[in-house]
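Coordinate inspection notes
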Amino acid sequence: MLLRTRVTLLVTIAFALAFAGLVAAGMQRERLAAIPYTEIGTTGQAALWREILRDDTQPLVSLAEEILSDTGLKEAVTARDQSRIRVLANAWTFPRFTTGSLTDLQILDADGQMVFASSTAAEPPRLLDISTIRNIQAGALPEGIRQVTSDRFGVIVARKYPSPAGDLVLALAASANPPLRRFARAMEADAFLLSTRGRLVEGTAPDLWRALALDLPQRAATVSEADYDGRLYAITAIPLDDVSSGSAGLLVTVKDATDTLSAIGRLTWIIGAVVLAILLLLLGGLYFYLRSSFRPLEKAVSVLGALSRGDTTADLSKESNDEIGEIATAVHRLRENMVAFNDTRRQRELQRRRQERFVRRQMETLAGTLEPGAREEVLADLRRIVAATSGALAEPDTAQPNAQSLARLIREDDQLGPLAAVLQQMSNRVVEQHRRLSELITRLREALVRETQLASLQQELAIARDLQRSVLPIDFPDRPRFSAYGLMESAREVGGDFYDFFEQGDGRFAFLIADVSGKGVPAAFFMAIARTLLKAIALFENEPAACVRQLNELLSAGNDQMMFVTLFFCVLDPATGEVEYVNAGHNPPYRITQPGKVTMLPPSDDLAVAIMSGVEFTSRRIQLAPGETLVLYTDGVTEAFNNADEQFGENRLMATLQAIPRPDPSAVARAISQAVKEFESGHQQSDDLTLLVMNYKG
């Protein structure tokens, strides 16, 4: 690089650093100046949100006060009469559910256990946590917003619910979507509610939020910008507190501010262009000044370049006594030294060629110890080096690997260059060959260990599958008054479904089908425990409700894994055809009264077994006529999926039962199983499929 170029470059760097410092200082000043306005904007939005939220909680507060004054509901809650609680609570909730002003009503005890929930789901999400419940019992009156589920925020109002059996808590919830939309209209922008993990829960324009793909801090109010599809948006994020004074997430507003932000951007570009033009003018003037000042020195450099190429005819006369004159004297002496050096170089060339032949023979011998591919590569490198040192390879072949590095080594030392280059390549080949062999050995060892572990695990699962199937009854009763047939097809090696039938001490015959939460080995263990306990209880207790109640008390004690069982337990009196049954959260069975006529038993409000202790279960009775059939099944039948992600469903199950010409238990079970397999069309089985069919002959 020319000296004048270096001087110009240094000055350019100095100007660039000064310009960058001014720009950074200006940006810092703008940022500090924007802080007060940012705080004013976020504070105003937070106040507007609190006011809108306060308007939405007032109807819930009034409703809570009216419910607290309902003495009939309070008596039902004290008695834990679920049926009466639901009837009285529906009188308050149903009109508001239809209008959308209320989404949920829950009554919880001091331990956070749900006494009543308006939702009919098996496990409705709790509106309050245990710390909030204790604050309410201490006198707090929480009102506000909270994330109820992963895809829904709710406006929550909770009050203490006095009860002779212990103070409870009444919690009411409404959707957070209406206040969010009113907030968006007031701000004339789109509004979004984010979870504490930054995931969108609710918003007025979900597609816009997904397109922006923003990542915002969770516990600080921020104002930022974003661009999408040629538009510029102003983003404001405000942290929200939930009813327990914790963090509920973020309230984010997105407003189209393309005109304002574009004008600011254009002004910034104009200022930058003006400053850059001034900088270029200054640097251009400096460059032309230095060019005229360094012209005599450039002439001396050109003469030195000719001498370096071997042109000894070039010479520089001494025209002055300054620094240029001293350079001319030095160039003349250099010319004389170069003539003497050429004679010496010819002698060294002869010696180098002898060394080259010796090195080539030694390298060819060493290359024979490598793999065939690596050996050919080393020999090819050696041939290129020999060609380069002899002048046959004027320019390095950039298409060949390592050609430039080899040529560089040769230029640095004509005698040791070939040896160093070939040794370097050979060392790399040997190291790479050793590394590949080591990796291969390591992978083989890991594969052997994993194969041994997999074989052991498969053997253990096969034993577990055989043990599980061995506990299921295979001797299906076919008696003069009734007959039965059952089957189970697990989704995995072991499953959580089971069925059973056995004769009780009073001569009646018990049938049961159950589904344990989850799949795999844990569900299979829980299934075995539940089946064993229920069968042991039924040997001493003839009433189905009492049997299920005792089973629930035993399973719910120490249930740290929070597993549960849905079951249908019925007892048939063969002499009369009367069936007494308990449905603990299970799918209602189907009743085939005659070919082509199928009805579903009424659903039950009883909870699944092992969810909580102290739960009462209700017995029901039906009278079977001769020839009628009961079909008991698990949700692996109705919740089977095909390749189009469609469910088999209850309608297809009823159509299958109606199409069976003769309700023989084995024929019914096999027809349902075959219909499910044809519907799945090779799709992977999603859950255990279990059936138990009982026909009363009379």
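Residues numbered from 1 in each chain as written. Predicted model: local features only at pLDDT ≥ 70, side-chain atom pairs only at ≥ 80, totals over all residues. Heavy atoms only, no water.

Looking at the sheet that holds strand E9 (residues 231-241)
Pairing is antiparallel in the open sheet, where five strands are placed in the order E7-E6-E10-E9-E8. Each edge of the sheet is formed by a strand with only one pairing partner; in this case those strands are strand E7 (200-203) and strand E8 (222-228). Taking the axes of each pair of neighbouring strands and ignoring which way they run, one obtains an average angle of 25° across the sheet. In this structure, strand E6 (residues 190-194) lies alongside E7, joined through three bridges in antiparallel fashion. Looking at the pairing, Leu194 lines up with Leu200 of E7. (Pairing = 2+ DSSP bridges. Helix = DSSP H or I, 4+ residues; strand = E, 2+ residues; numbered from the N terminus. Axes fitted to C-alpha atoms, helices over the stretch in contact; angles between N-to-C directions.)

So, the side chain of Thr93
Tracing the backbone shows Thr93 in helix H3 (residues 82-99). Apart from residues no more than four positions distant in its own chain, Thr93 is found in contact with Leu102 and Leu105. (Contact = heavy atoms within 4.5 Å.)

A short note on the nonpolar core
Membership of the largest hydrophobic core comes to 51 residues, with the highest contact counts inside it found for Phe511, Val565, Leu567, Phe569 and Val609. Among residues more than four places away in sequence, those in contact with Val609 are Val548, Leu551, Asn552, Leu555, Phe564, Val565, Leu567, Ala584 and Phe617. Formed by 37 residues, the second largest nonpolar core is a distinct cluster that contains Trp49, Phe116, Val201 and Ala248. (Core = buried A, V, L, I, M, F, W, Y, C linked by side-chain atoms within 4.5 Å. Buried < 20%, exposed > 50% of the residue type's maximum accessible area, 1.4 Å probe, protein only.)

Section: the pattern of salt bridges
Within the structure shown, the criterion is met by 20 salt bridges. A salt bridge links Glu580 to Arg508; its shortest N-O distance comes to 3.3 Å. Residue Glu580 is located in strand E15 (residues 578-584), and its partner Arg508 is located in the loop between strand E12 (497-503) and strand E13 (509-516); the two are separated by 72 residues in the primary sequence. Taking the relative accessible area as the measure of exposure, Arg508 reaches 12% and is therefore buried. Among the salt bridges present, the one from Arg621 reaches Glu578, with a minimum N-O distance of 3.4 Å. (Salt bridge = Lys/Arg side-chain N within 4 Å of Asp/Glu carboxyl O.)

Quick look at the packing of helix H16 (residues 649-658) against helix H17 (residues 665-680)
It is at 10 Å that the axes of H16 and H17 come closest, and there the two elements cross at 135°. It follows from the interaxial angle that H16 and H17 lie oblique. Both H16 and H17 take part in a crossing whose hand is right-handed. In this structure, H16 contributes Arg652, Leu653, Thr656 and Leu657 to the contact, and H17 contributes Val668, Ala671, Ile672, Ala675 and Phe679. In the contact of H16 with H17, the residues fall into seven nonpolar, one polar and one charged. (Parallel < 35°, antiparallel > 145°, perpendicular 65-115°, else oblique. Left-handed = near helix turned anticlockwise from the far one by under 90°. Nonpolar A, V, L, I, M, F, W, Y, C, P; charged D, E, K, R; others polar.)

Details of the pairing of E6
Burial of E6 is extensive: four of the five residues sit out of reach of the surface. Summarising the sheet, E6 and strand E10 (residues 247-256) pair through five bridges and their orientation is antiparallel. Pairing of Ala191 across the sheet is with Thr253, part of E10.

Regarding the side chain of Asp497
Along the chain, the position of Asp497 falls in strand E12. Overall, Asp497 belongs to the buried group, its relative accessible area being 0%. At 2.9 Å, the side chain of Asp497 and the side chain of Thr634 are in polar contact. At a separation of 3.0 Å, a polar atom in the side chain of Asp497 contacts the side chain of Thr690. (Polar contact = N/O pair within 3.5 Å; in protein donor to acceptor, adjacent residues only side chain to side chain.)

Observations concerning the packing of aromatic side chains
This model, assessed by the stated rule, comprises 13 aromatic pairs. Between Phe476 and Phe501, the aromatic rings sit 5.8 Å apart at their centres with planes inclined by 45°, giving tilted as the arrangement. Of this pair, Phe476 sits in the loop between helix H12 (417-471) and strand E11 (482-489) while Phe501 is found in strand E12, placing the two residues 25 residues apart along the sequence. When its relative accessible area of 8% is taken as the criterion, Phe501 is described as buried. With a centroid separation of 5.4 Å and an interplanar angle of 50°, the aromatic rings of Phe509 and Phe511 are classed as tilted. Side by side, Phe509 and Phe511 carry an identical accessibility label, which is buried. Counting every residue linked through ring pairs, the aromatic cluster contains Phe476, Phe482, Tyr485, Tyr499, Phe501, Phe509 and Phe511. (Phe/Tyr/Trp six-rings, centres within 6.5 Å; stacked < 30°, edge-to-face > 60°.)

Regarding the confidence of the model for the chain
Residues at a pLDDT of 70 or more form 83% of the chain, whose mean pLDDT is 81. For the stretch residues 392-396, pLDDT sits under 50, and the model shows six contacts to residues farther than four places along the chain or on other chains. Predicted confidence is poor over residues 409-413, with pLDDT under 50, and the contacts of this stretch with residues over four places away or in other chains come to nine contacts. (pLDDT = per-residue confidence, 0-100.)

Concerning the sheet that holds strand E17 (residues 597-600)
In a beta sheet, neighbouring strands pair by backbone hydrogen bonds and run either parallel or antiparallel. Overall, antiparallel pairing links the five strands, which are arranged E11-E20-E19-E16-E17 in an open sheet. On the outer flanks of this sheet lie E11 and E17, each paired with one strand and no other. Mean inter-strand twist for the sheet, computed between neighbouring axes without regard to direction, equals 15°. Relative to strand E20 (residues 689-696), strand E19 (residues 629-633) is paired through five bridges, and the arrangement is antiparallel. Bridge assignment links Leu630 to a residue of E20, and that residue is Met694. In the packing of H16 onto the sheet, contacts are made with strand E16 (590-594), E17 and E19, and the angle to E16 comes to roughly 30°. Contacts between H17 and the sheet are confined to E11, E19 and E20, with E11 contributing the most and set at about 25° to the helix.

Notes on the pairing of E19
E19 sits mainly inside the fold: five of its five residues count as buried. Burial along E19 is two-sided: the face carrying Thr629, Val631 and Tyr633 and the face carrying Leu630 and Leu632 are both buried. For E16 and E19, the ladder comprises three bridges, and the chain directions are antiparallel. If you follow Tyr590 over to E19, its bridge partner there is Val631.

Regarding the packing of helix H13 (residues 520-538) against helix H14 (residues 544-556)
Direction vectors running N to C along H13 and H14 enclose 140°, while the axes themselves pass 9 Å from each other. Classed by the angle they form, the pair H13 and H14 counts as oblique. Remark: the crossing between H13 and H14 carries right-handed chirality. On the side of H13, the interface is formed by Phe526, Ile529, Ala530, Leu533, Leu534, Ile537 and Ala538, while H14 contributes Cys547, Gln550, Leu551, Leu554 and Leu555. Class assignment of the residues belonging to the contact of H13 with H14 gives a composition of eleven nonpolar, one polar and no charged.

What to know about the environment of Thr222
By secondary structure assignment, the location of Thr222 is in strand E8. Remark: the alpha-carbon pair of Thr222 and Ala237, spanning 15 residues in sequence, is separated by 5.2 Å. If sequence neighbours within four positions are ignored, Thr222 has contacts with Thr42, Pro217, Ile235, Thr236 and Ala237.

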